[in-house]
Amino acid sequence: MASGQFVQETSSAGEWKRQGNRFTGRITRDSTSRPGEGPDDQGRWPVEPGRYRLVVSLACPWAHRSVIVRRLLGLEDPISLAIVDPVRDERGWRFTLDAGDTDPVLGIKFLSEAYLRTDPSYDGRVTVPAIVDTNTGDVVTNDYPQITLDLSTEWTDFHKPGAPQLIPPDRAEMDVLIDEIYRDVNNGVYRCGFATSQEAYDAAYDALFARLDVLEGRLQDREYLVGDTLREVDIRLFTTLVRFDAVYHGHFKCNRQKLTEFPNLWAYARRLYQRPGFGETVDFDQIKRHYYVTHHNINPTGIIPKGPDPRVWISWPVRPEPR
Ligand SMILES: N[C@@H](CCC(=O)N[C@@H](CS)C(=O)NCC(=O)O)C(=O)O
């Protein structure tokens, strides 16, 4: 069996097992910490506009969720944004897009500096998205599924007028879909790409396309995955779909078919892309550079494919809305 890029996260059967999220602090309205302080004894930090910095890579699908949600809710001013270079070197995520290769607010050159400041013994992967407290430079959270939920539910006082309700009052149906989509699609593409045995790859590929077939059927007569309005689950699916043909189809060998060959999923993804808050957050150049240059084991030459042509996302009208 070939060894993978992420040896600590590869099982003896060659399956990719994603590491847990180390920092699970939450920014909540009921934190008992005073402004400027935190966390309280339950790990809750106070909601405070201007205090926290969201660190993302525009290439990363997990971080991309938080970029979209922050924008849809109008949280750009209350929560600032730091964007790392899409290409990691052996020192991890770098602030080389900024003047002096330094984040202007946090004053650090590498995201690892914040991780190690917060936990000097940390030896896992340093990941985005992460929210950093600008008072101390400590990492509050890299718990990406919770980050977007808390933007929706804890920061409501700072949402823009008319901000969407991304979390339905009854979450049961959405949460089932979120789990299935995470396992088979969001993480499923990584399980294909990072598998180091044929069996592990085959199983991940089968589960991925079986789930996409189900979703394709679900979207036959719906505009959104749940109910008749945009929800968090749509954002979670979108950030994988928008990378599918550019990266996952070739680089991760998810190649039974392209997104453009699923009529309903393709129309759905394009409808979302063309909504405010979605397409303008997609940077195909950074997405491709990240995956093809950073994953040496699966693309040793580092050559970045020129295609596909991104104009397909906008160049002809989207199919009419489903009935
Ligand atoms: N925090 C999660 C998900 C976030 C994640 O994997 N982000 C990627 C970018 S898409 C990352 O930061 N990777 C850094 C690395 O692999 O060293 C994890 O630990 O797996």
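These figures come from a predicted structure and were not determined experimentally.

Draft legend 1. Fine view of the sheet that holds strand E6 (residues 139-141). Read across the sheet, four strands follow the order E4-E3-E5-E6 without closing on themselves; strand pairing throughout is mixed. A strand with exactly one partner marks an edge of an open sheet, and here the two such strands are strand E4 (80-83) and E6. Mean inter-strand twist for the sheet, computed between neighbouring axes without regard to direction, equals 35°. Inspection of the sheet shows strand E3 (residues 52-56) paired to E4 by four bridges, in the parallel sense. Within the sheet, the bridge partner assigned to Arg53 lies in E4 and is Ser80.

Draft legend 2. View of the confidence of the model for the protein. Predicted confidence across the protein gives a mean pLDDT of 94, with 95% of residues reaching 70 or more. In this model, residues 1-5 is a region of pLDDT below 50 whose contacts with residues beyond four sequence positions or in other chains number 14 contacts.

Draft legend 3. How the structure looks around the site of the ligand. Residues in close proximity to the ligand total 16 residues, the closest being Arg18, Asn21, Cys60, Trp93 and Arg125. Within the backbone of Val128, an N or O atom sits 3.0 Å from an oxygen atom of the ligand. Considered on its own, the ligand offers 510 Å² of accessible surface; in the complex 95% of this is hidden by protein. Split into classes, the residues belonging to the shell around the ligand amount to nine nonpolar, four polar and three charged.

Draft legend 4. Layout of empty space enclosed by the protein. In this structure the tally under the stated criterion is one cavity of 30 Å³ or more. Approximately 90 Å³ is the volume found for the largest cavity. Thr24, Gly25, Arg26, Ile27, Ile131, Thr141, Asp143, Gln146, Ile147, Asp150, Leu151 and Trp155 together form the lining of the largest cavity. Mapped onto the lining of the largest cavity, the elements with two or more residues apiece are strand E1 (26-28) and helix H3 (144-153). The dominant element in the lining of the largest cavity, judged by the number of residues it contributes, is H3, at four residues. When its residues are assigned to classes, the lining of the largest cavity shows five nonpolar, four polar and three charged.

Draft legend 5. Broad picture of the packing of helix H1 (residues 61-73) against H3. It is at 9 Å that the axes of H1 and H3 come closest, and there the two elements cross at 5°. The angle between H1 and H3 places the two elements in the roughly parallel class. Mapping the contact onto sequence places Trp62, Arg65, Ser66, Val69, Arg70 and Leu73 in H1 and Tyr144, Pro145, Ile147, Thr148, Leu151 and Ser152 in H3. Looking at the contact of H1 with H3, its residues break down into seven nonpolar, three polar and two charged.

Draft legend 6. Quick peek at helix H4 (residues 172-186). For H4, built from 15 residues, the straight-helix expectation of 21 Å at 1.5 Å per residue is met to within 8% by its first-to-last C-alpha distance of 19 Å. All of the buried residues in H4 are Met174, Leu177, Ile178, Ile181, Asp184, Val185 and Asn186. Contacts made by the buried residues of H4 are with H1, helix H5 (188-193), helix H6 (198-218) and helix H7 (232-248).

Draft legend 7. Seen up close, H1. Across its 13 residues, H1 extends 19 Å between first and last C-alpha, which sits within 8% of the 18 Å expected from 1.5 Å per residue. Of all 13 residues that make up H1, 12 are buried, and the element is covered over most of its length. Among the residues making up H1, those that are buried are Pro61, Trp62, Ala63, His64, Arg65, Ser66, Val67, Ile68, Val69, Arg70, Leu72 and Leu73. In the stretch just after H1, Gly74 is the one whose phi turns positive, near 75°.

Draft legend 8. Up close: the nonpolar core. Of all hydrophobic cores here, the largest spans 93 residues; its most connected members are Leu212 and Leu225. Shared between two domains, this core takes at least three residues from each, and those domains are domain 1 (19-158) and domain 2 (172-313). If we ignore the near neighbours within four places in the chain, the residues touching Leu225 are Leu177, Ile181, Leu215, Arg218, Leu219, Val233, Asp234, Leu237 and Tyr268.

Draft legend 9. Summary view of the packing of aromatic side chains. In the structure shown here, the tally under the stated rule is 24 aromatic pairs. Taken together, a centroid distance of 6.2 Å and an interplanar angle of 85° make the contact between Tyr52 and Trp155 edge-to-face. Here Trp155 lies in the loop between H3 and H4 and Tyr52 lies in strand E3, a separation of 103 residues in the sequence. For the pair formed by Tyr52 and Trp155, the shared burial category is buried. An angle of 90° between the planes, with centres 6.2 Å apart, marks the rings of Phe209 and Phe244 as edge-to-face. Separated by 35 residues along the polypeptide, Phe209 in helix H6 and Phe244 in helix H7 bring together distant segments of the chain.

Draft legend 10. Representation of the pattern of salt bridges in the model. For the coordinates displayed, the defined rule picks out 25 salt bridges. Residues joined in a network through salt bridges with shared partners are Arg26, Arg29, Asp150 and Glu154.

Draft legend 11. The UniProt feature "active site" (unreviewed entry) in the protein, seen in detail. As annotated in UniProt, the feature "active site" (unreviewed entry) corresponds to Cys60 and Tyr190 in the numbering used here. Judged by maximum C-alpha separation, these annotated positions cover 131 residues in sequence but sit close together in space, the widest gap being only 11.9 Å. Tracing the sequence through the fold places Tyr190 in helix H5. When sequence neighbours within four positions are dropped, the list of residues in contact with Tyr190 reads Trp16, Arg18, Pro61, Trp62, Ala195, Tyr248, Phe252 and Tyr291.

Cut-off values and rules
- Residues numbered from 1 in each chain as written.
- Predicted model: local features only at pLDDT ≥ 70, side-chain atom pairs only at ≥ 80, totals over all residues.
- Heavy atoms only, no water.
- Pairing = 2+ DSSP bridges.
- Helix = DSSP H or I, 4+ residues; strand = E, 2+ residues; numbered from the N terminus.
- Axes fitted to C-alpha atoms, helices over the stretch in contact; angles between N-to-C directions.
- pLDDT = per-residue confidence, 0-100.
- Contact = heavy atoms within 4.5 Å.
- Near = heavy atom within 4 Å.
- Polar contact = N/O pair within 3.5 Å; in protein donor to acceptor, adjacent residues only side chain to side chain.
- Areas by Shrake-Rupley, 256 points an atom, 1.4 Å probe, with all protein chains shown as cover.
- Nonpolar A, V, L, I, M, F, W, Y, C, P; charged D, E, K, R; others polar.
- 1 Å grid on protein atoms, 1.4 Å probe; cavity = no way out; pocket = protein on both sides within 12 Å on 5 of 7 lines; lining within 4 Å.
- Points joined across faces, edges and corners; volume = space filled by probe spheres on them.
- Parallel < 35°, antiparallel > 145°, perpendicular 65-115°, else oblique.
- Expected span 1.5 Å × (residues − 1).
- Buried < 20%, exposed > 50% of the residue type's maximum accessible area, 1.4 Å probe, protein only.
- Core = buried A, V, L, I, M, F, W, Y, C linked by side-chain atoms within 4.5 Å.
- Domains from an automatic or database assignment.
- Phe/Tyr/Trp six-rings, centres within 6.5 Å; stacked < 30°, edge-to-face > 60°.
- Salt bridge = Lys/Arg side-chain N within 4 Å of Asp/Glu carboxyl O.
- UniProt positions renumbered as here; feature names shortened; annotations may be inferred.

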